[in-house]
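An overview of the molecular structure
Chain residues, written in single-letter form:
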Amino acid sequence: MSVMTGRHAVSDGSSPLPASLKQARLPRWTPPALALAAAGAGCGIGLAAGLDSTVQWGLIAGLLFVLGTFALAAGVEGTRQAKDRLATSLVWLSFLVAVVPLASLLWETVARGTKVLDGYFLSHSMGTTPDALPGGGIYHAIIGTLEQVGLATAIAAPLGLLTAIYLVEYGRGALARAVTFFVDVMTGIPSIVAGLFILSVWILILGFGPSGFAGAMALAILMMPVVVRSTEEMLKLVPNELREASLALGVPKWRTILKVVLPTSIGGITTGVMLAIARITGETAPVLLLVWGAKTINNNPFQDAQQSLPLYVFQQWQQGSEASYDRAWAAALVLIAFVMILNLLARGIARWKAPSGGRR
């Protein structure tokens, strides 16, 4: 229906749009159907061309899907909508290109790592087992990893937190700019450089031997800039009104930081620390230089060589036997699980400490 108002007709919404205002649309099943057709065509072209790699087949199928989507949408829906569908197709293709290798890696690690992963493997060391023979475990590597990462966190987390507080709350002038510059430089420092620095100072100059603590100091160097950056960003998110209200009541600035700023941003700070821990857990180069690795259990990180999970994987893979390969895959699976747990804890803490309006 329409209502006449003077010389104009106003539609009340119940009458259908004129045919000239309607635009042709592709059915919803078109993208999945095109994806299946592109996959089949990619496999056919790969077989016909004699390509042995399924990765090449997948790339051909992805290219056919993108081109087919654009051509079909341009013919039915017009160029403007075709460009939109082209962008959407490229986004989905990029997502698949990123996810497929990760899923393949995880699948391969789980398939090979579960061969020897059991209670015995987790609770025994390599003390009495030759590397070329089956048996042994990673208990000594788990102990070493936990102690080294724990010491690195105890060193880097307080220093990173205090540095971030200085930069956000007090830092002005040349000193703050210099600290920011060196934090940025440390963010991109290779792990081998941190290991060489501790090796030259702690072992060669001061004369201390290899130990878990030496490796922890190198890991702390890698961890500190991550903690500084994440904490700095979280402190900047705290509204200035909270600081001003506290200062207006006569509360000293240090107490305002301790009682207002830090509790408000504690969720984000904790998440940043957890992600920094996950970042250093898989480092091998500093541990190889400073910890050296041991086949027996060493519960003292301040004396003698220790083992860690990344170094254990590297050394077992070096042995070249079937049994050592199985142990390397199982240790890699445990390491991936450990890092995954840390990331899940970080996300859980972030959701737990998030404001009520920001939870999902």
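Residues numbered from 1 in each chain as written. Predicted model: local features only at pLDDT ≥ 70, side-chain atom pairs only at ≥ 80, totals over all residues. Heavy atoms only, no water.

1. A word on the packing of helix H5 (residues 139-170) against helix H10 (residues 253-281)
Between H5 and H10, the shortest axis-to-axis distance is 9 Å and the interhelical angle comes to 140°. With respect to their mutual orientation, H5 and H10 come out oblique. Crossing of H5 against H10: the hand is right-handed. Together, Thr-145, Val-149, Ala-152, Thr-153, Ala-157, Leu-161, Ile-165, Glu-169 and Tyr-170 of H5 and Lys-253, Trp-254, Ile-257, Val-261, Leu-262, Ile-269, Val-273, Ile-277, Ile-280 and Thr-281 of H10 make up the contact between the two elements. In the contact of H5 with H10, the residues fall into 14 nonpolar, three polar and two charged. (Axes fitted to C-alpha atoms, helices over the stretch in contact; angles between N-to-C directions. Helix = DSSP H or I, 4+ residues; strand = E, 2+ residues; numbered from the N terminus. Parallel < 35°, antiparallel > 145°, perpendicular 65-115°, else oblique. Left-handed = near helix turned anticlockwise from the far one by under 90°. Contact = heavy atoms within 4.5 Å. Nonpolar A, V, L, I, M, F, W, Y, C, P; charged D, E, K, R; others polar.)

2. Concerning the side chain of Ser-89
Among the structural elements, Ser-89 can be located in helix H3 (residues 79-113). Looking at Ser-89, the relative accessible area reads 5%, which means it is buried. Dropping the residues within four chain positions of it, Ser-89 is found in contact with Phe-65, Val-66 and Thr-69. (Buried < 20%, exposed > 50% of the residue type's maximum accessible area, 1.4 Å probe, protein only.)

3. Examining helix H1 (residues 30-49)
In this model, H1 (20 residues) spans 28 Å end to end at C-alpha, consistent with the 28 Å of a helix rising 1.5 Å per residue. Within H1, burial applies to Thr-30, Ala-38, Gly-42 and Gly-46. Seen from one end, H1 has its buried residues packed into an arc of 125°, which puts them on one side. Across H1 from its buried face, at more than 90 degrees, point the exposed residues Leu-36, Leu-47 and Ala-48. Looking at the buried residues of H1, the elements they touch are helix H2 (54-76). (Expected span 1.5 Å × (residues − 1). Arc of directions from axis to C-beta.)

4. Concerning the UniProt feature "transmembrane region" (unreviewed entry) in the protein
Within this structure's numbering, the places UniProt gives as "transmembrane region" (unreviewed entry) are residues 33-51, 57-74, 86-107, 149-168, 180-205, 211-228, 260-280 and 328-350. In residues 33-51, the share of helix is 89% and the share of strand is 0%. The end C-alpha atoms are 24 Å apart. Across residues 180-205 one finds 88% helix and 0% strand; the C-alpha atoms that close the span lie 29 Å apart. (UniProt positions renumbered as here; feature names shortened; annotations may be inferred.)

5. Thoughts on a nonpolar patch on the surface
A cluster of nonpolar side chains, Phe-197, Val-201, Leu-204, Ile-205, Leu-206 and Phe-208, forms an exposed patch at the surface whose accessible area comes to about 620 Å². For Leu-204, the position within the fold is in helix H7 (residues 191-205). Leu-204 sits in the exposed class, given a relative accessible area of 63%. (Patch = residues over 30% accessible without salt bridge, like charges linked within 9 Å, V, L, I, M, F, W, Y side chains within 5 Å. Areas by Shrake-Rupley, 256 points an atom, 1.4 Å probe, with all protein chains shown as cover. Salt bridge = Lys/Arg side-chain N within 4 Å of Asp/Glu carboxyl O.)

6. Structural notes on the side chain of Arg-243
Its place among the elements puts Arg-243 in helix H9 (residues 240-248). The exposure class of Arg-243 is buried, given its relative accessible area of 10%. Engagement of the side chain of Arg-243 in a polar contact is seen with the backbone oxygen of Leu-235, the distance being 2.9 Å. A distance of 3.1 Å separates a polar atom in the side chain of Arg-243 from a polar atom in the side chain of Asn-240. (Polar contact = N/O pair within 3.5 Å; in protein donor to acceptor, adjacent residues only side chain to side chain.)

7. Focus: the domain arrangement of the protein
Assigned domains within the protein: domain 1 (27-113) and domain 2 (139-353). Relative to domain 2, the C-alpha centre of domain 1 lies at a distance of 39 Å. Taken together, the contact between domain 1 and domain 2 spans six residues of the former and five residues of the latter. For the pair domain 1 and domain 2, the summed buried surface comes to about 590 Å²; carbon and sulfur atoms form 79% of the total. Among the residues domain 1 hides against domain 2, the three largest losses belong to Thr-109, Arg-112 and Gly-113. Together they make up 70% of the total. At the boundary of domain 1 and domain 2, one finds zero salt bridges. At the junction of domain 1 with domain 2, the criterion picks out zero residue pairs in polar contact (both at pLDDT 80 or more). Grouping the constituent residues of the side of domain 1 that touches domain 2 by class yields two nonpolar, two polar and two charged. (Domains from an automatic or database assignment. Buried area = accessible area lost by both parts, 1.4 Å probe.)

8. Section: the pattern of salt bridges
It is possible for side chains of opposite charge to pair when their charged atoms get near one another. On inspection of all chains with the given rule, the structure shows eight salt bridges. Between Glu-108 and Arg-112 there is a salt bridge whose closest N-O contact spans 2.7 Å. Note that Glu-108 and Arg-112 are positioned in helix H3 at a spacing of four residues, about one turn of the helix. Across the pair Arg-243 and Glu-169 runs a salt bridge whose closest N-O atoms are separated by 2.8 Å. Here the residue Arg-243 occupies a position in helix H9, and Glu-169 occupies one in helix H5, the gap between them amounting to 74 residues. Overall, the relative accessible area of 7% leaves Glu-169 in the buried class. Each of Asp-184, Arg-229, Glu-232 and Lys-236 takes part in one network of salt bridges that share partners.

9. Remarks on the nonpolar core
Formed by 35 residues in total, the largest nonpolar core has its most connected members in Ile-198, Trp-202, Met-223, Ile-280 and Leu-290. Mapped by element, the contributors of at least two residues to this core are H5, helix H6 (173-187), H7, helix H8 (212-236), H10 and helix H13 (322-353). Of all the elements, H8 adds the most residues to this core, at 13 residues. Those residues in contact with Ile-280, other than ones at most four positions away along the chain, are Val-149, Ala-152, Leu-219, Leu-222 and Met-223. Ranked by size, the runner-up nonpolar core spans 10 residues in total, among them Phe-121, Leu-309, Tyr-312 and Val-334. (Core = buried A, V, L, I, M, F, W, Y, C linked by side-chain atoms within 4.5 Å.)

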